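Chain by chain, the residues:
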Amino acid sequence: MMSSLLTFVFFVPGHIEPSFAQLHGMLGGHVVNIENYQFQNTIGCSVTMQLTDSPPSMVVLLSSDSNLCNTFLTSFQNNYLVVSEVSFLLSPPPSPSGNWNVPVFTVFSATIYE
């Protein structure tokens, strides 16, 4: 069984997105929910992931990349483990219901493990 890597390294300075924290790392777990999510000028996905930690914890991953959203959908449909490269969002966009109740990350990559 794989554990989530909750150790973060400092993100490369000078990133153009001011809402990113300087925390970057890898998270692994199972997708328990995936929904379309409207970003400013594009549609992406909001992914709720149960991390493989003990005890398990939940996070939300946001992406506007359709390929990443399809990877998460495949993981959800087949109950595959997925590992993602992420950055913590200091000021995430609002959730459809108002506020997120769990940590929110943006996603750069996703790899499925069957």
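Up top is the structure.
The sections below set out a description of the structure shown in this document. (Residues numbered from 1 in each chain as written. Predicted model: local features only at pLDDT ≥ 70, side-chain atom pairs only at ≥ 80, totals over all residues. Heavy atoms only, no water.)

**Examining the overall build of the protein**
- Helix and strand counts for the protein stand at one helix and six strands.
- Counting helices and strands in the order they occur from the N terminus, the protein gives β-β-β-β-α-β-β.
- Once local pairs closer than 6 in sequence are excluded, the contacts in the protein between residues at least 24 apart make up 55%. (Helix = DSSP H or I, 4+ residues; strand = E, 2+ residues; numbered from the N terminus. Contact = heavy atoms within 4.5 Å.)

**Topic: the nonpolar core**
- Membership of the largest hydrophobic core comes to 17 residues, with the highest contact counts inside it found for Leu27, Val47, Met49, Val59, Leu61 and Phe72.
- At the level of secondary structure, the elements contributing two or more residues to this core comprise strand 2 (20-38), strand 3 (43-51), strand 4 (58-63), helix 1 (66-78), strand 5 (81-89) and strand 6 (104-113).
- No other element matches strand 3, which puts four residues into this core.
- Excluding residues that lie within four positions of it along the chain, Val47 makes contacts with Val31, Asn33, Ile34, Val59, Val60, Leu61 and Phe72.
- Core analysis: the next-biggest nonpolar cluster, separate from the first, contains six residues, Phe39, Val60, Leu62 and Val104 among them. (Core = buried A, V, L, I, M, F, W, Y, C linked by side-chain atoms within 4.5 Å. Buried < 20%, exposed > 50% of the residue type's maximum accessible area, 1.4 Å probe, protein only.)

**Points about the packing of aromatic side chains**
- Applying the stated criterion across every chain, the model contains two aromatic pairs.
- Judged by centre distance (5.5 Å) and plane angle (70 degrees), the rings of Phe88 and Phe105 are edge-to-face. With Phe88 in strand 5 and Phe105 in strand 6, this pair connects stretches of sequence that are 17 residues apart.
- Its relative accessible area of 23% is what places Phe88 among the partly exposed residues.
- A relative accessible area of 6% places Phe105 in the buried class. (Phe/Tyr/Trp six-rings, centres within 6.5 Å; stacked < 30°, edge-to-face > 60°.)

**A word on helix 1**
- Compared with the 18 Å implied by 1.5 Å per residue over 13 residues, the 18 Å span of helix 1 between its first and last C-alpha is a close match.
- Those residues of helix 1 that fall on the buried side of the exposure criterion are Leu68, Cys69, Phe72 and Ser75. Within helix 1, the buried residues cover an arc of 120 degrees as seen down the axis, which keeps them to one side. Exposed side of helix 1, more than 90 degrees from the buried face: Ser66, Asn67 and Gln77 are the residues found there.
- Sitting at the amino-terminal end of helix 1 is Asp65, which places a side-chain oxygen 2.7 Å from the backbone nitrogen of Asn67. (Expected span 1.5 Å × (residues − 1). Arc of directions from axis to C-beta. Polar contact = N/O pair within 3.5 Å; in protein donor to acceptor, adjacent residues only side chain to side chain.)

**Quick word on the state of the cysteines**
- In total, this model carries one disulfide according to the counting rule given.
- Here Cys45 is linked by a disulfide to Cys69, with a sulfur-sulfur distance of 2.3 Å. One disulfide, between Cys45 and Cys69, carries an S-S torsion of -95 degrees and so falls in the left-handed class. One end of the pair, Cys45, is in strand 3; the other, Cys69, is in helix 1, with 24 residues separating them in the sequence. Note on accessibility: Cys45 and Cys69 belong to one class, buried. (Disulfide = S-S within 2.5 Å.)

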